[in-house]
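Report on the structure
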Amino acid sequence: SQQGEEDPQALSIQEGENATMNCSYKTSINNLQWYRQNSGRGLVHLILIRSNEREKHSGRLRVTLDTSKKSSSLLITASRAADTASYFCATGGNAGGTSYGKLTFGQGTILTVHP
Amino acid sequence: DGGITQSPKYLFRKEGQNVTLSCEQNLNHDAMYWYRQDPGQGLRLIYYSQIVNDFQKGDIAEGYSVSREKKESFPLTVTSAQKNPTAFYLCASSIRTNGNQPQHFGDGTRLSIL
């Protein structure tokens with residue numbers, strides 16, 4: 001079964017607006033990663049946040065992690081049409097757990113940014 | 001340019017036929033992975049390999065087989081036992097298999113049934 005669940009499933013915004021996507025997970029994690037997938041292409045790694053971190057930035061991306069609520073959010077500021085893609089969260093398990101050494105992906109959020 | 005190359009981009013399988021998907025990386029990564037992606041869904045892990053001559057089953061290994069004879073190569077065979085093989089297959093690699101590293105992906109192979 002999927003560890004991460006993204007919300008919303010689809011998001012449609014205008015260029016220049018901010019886009020926020022959320023990810024919830026069930027078991028304890030070592031880290032959480034966000035990936036982007038353009039239609040018909042492979043995934044591209046965006047950002048990794050470790051379980052002892054609460055917030056991380058990379059350019060126009062801001063990721064937060066709340067381990068007490070088992071949730072993360074990805075914020076894309078000042079969105080562009082080129083940001084149109086599917087976004088996935090993936091969790092890496094703790095040592096000793098059945099998920100250790102593997103990433104478990106959510107079902108993704110489809111983001112459409114209208115010019 | 002370092003990266004992961006998957007071939008072919010499109011593949012068609014006849015009933016009862018085995019087909020092999022190629023994955024090659026020149027990133028010098030120890031770990032490699034195969035995922036299956038169905039429409040509107042996330043990725044599901046088929047097999048992964050931490051080192052040459054070693055591999056482990058993922059969550060949906062039935063009907064698939066792999067080999068890892070070289071560090072650079074991790075081919076996936078979709079056997080006739082896989083009754084619903086139509087999907088987008090993605091290969092990935094990472095420096096190590098401890099779940100703490102970003103994974104680098106190829107551009108996928110789309111497999112369809114004739």
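Up top is the structure these notes are about.
Residues numbered from 1 in each chain as written. Chains lettered and ligands numbered in written order. Predicted model: local features only at pLDDT ≥ 70, side-chain atom pairs only at ≥ 80, totals over all residues. Heavy atoms only, no water.

**As for the overall build of chain B**
Looking only at helices and strands, chain B features 0 helices and 11 strands. Starting at the N terminus and ending at the C terminus, chain B contains elements arranged as β-β-β-β-β-β-β-β-β-β-β. The C-alpha atoms of chain B give 13 Å as radius of gyration, which agrees with the globular expectation for 114 residues (13 Å, within 12%). Judged by the C-alpha coordinates and their principal axes, chain B covers about 35 × 25 × 25 Å. For chain B, with 114 residues in total, the buried portion stands at 50%. Across chain B, every contact between residues at least 6 apart in sequence was considered, and the portion connecting residues at least 24 apart equals 54%. Within the structure as shown, chain B displays about 5,400 Å² of accessible surface, and the carbon and sulfur contribution to it stands at 46%. Charged side chains in chain B number 12 positive and 11 negative. The centres of these two groups are separated by 5 Å. (Helix = DSSP H or I, 4+ residues; strand = E, 2+ residues; numbered from the N terminus. Rg over C-alpha atoms; globule rule 2.2 N^0.38 Å. Buried < 20%, exposed > 50% of the residue type's maximum accessible area, 1.4 Å probe, protein only. Contact = heavy atoms within 4.5 Å. Areas by Shrake-Rupley, 256 points an atom, 1.4 Å probe, with all protein chains shown as cover. Lys, Arg positive; Asp, Glu negative; His and termini not counted. Charge placed at Lys NZ, Arg CZ, Asp CG, Glu CD.)

**Quick notes on the packing of aromatic side chains**
Enumeration according to the criterion identifies 9 aromatic pairs over all chains in this entry. When the centroid spacing of 5.5 Å and the interplanar angle of 55° are considered together, the rings of Tyr35 of chain A and Phe105 of chain A count as tilted. Here Tyr35 of chain A is found in strand 4 (residues 29-37), whereas its partner Phe105 of chain A is found in strand 10 (residues 103-105), with 70 residues between them in sequence. Taking relative accessible area as the criterion, Tyr35 of chain A reaches 0% and is therefore assigned buried. Taking the centre distance of 5.8 Å and the plane angle of 35° together, the rings of Tyr35 of chain B and Phe105 of chain B count as tilted. With a gap of 70 residues between them, Tyr35 of chain B in strand 4 (residues 31-37) and Phe105 of chain B in strand 10 (residues 104-105) connect regions that are remote in the sequence. (Phe/Tyr/Trp six-rings, centres within 6.5 Å; stacked < 30°, edge-to-face > 60°.)

**Details of the interface of chain A and chain B**
When the parts come together, some accessible area is lost, and that loss is often what is quoted as the size of the interface. Taken together, the contacts link 22 residues of chain A with 25 residues of chain B. For the chain A and chain B pair, buried surface summed over both sides reaches about 1,800 Å², with 48% attributable to carbon and sulfur atoms. The three residues of chain A that bury the most area against chain B are Leu43, Gly101 and Lys102 of chain A, which together make up 26% of that side's buried surface. Put simply, chain A and chain B have 1 salt bridge between them. A salt bridge links Arg41 of chain A to Asp107 of chain B, with the shortest nitrogen-to-oxygen separation between them at 2.9 Å. Counting every contact that joins chain A to chain B gives 5 residue pairs in polar contact (both at pLDDT 80 or more). Sorting the residues of the side of chain A that touches chain B by element identifies strand 4, strand 5 (43-50), strand 9 (85-93) and strand 10 of chain A as the ones contributing at least two each. Among the elements that line the side of chain A that touches chain B, the one with the most residues is strand 4 of chain A, at 5 residues. Tallied by class, residues from the side of chain A that touches chain B come to 7 nonpolar, 12 polar and 3 charged. (Buried area = accessible area lost by both parts, 1.4 Å probe. Salt bridge = Lys/Arg side-chain N within 4 Å of Asp/Glu carboxyl O. Polar contact = N/O pair within 3.5 Å; in protein donor to acceptor, adjacent residues only side chain to side chain. Nonpolar A, V, L, I, M, F, W, Y, C, P; charged D, E, K, R; others polar.)

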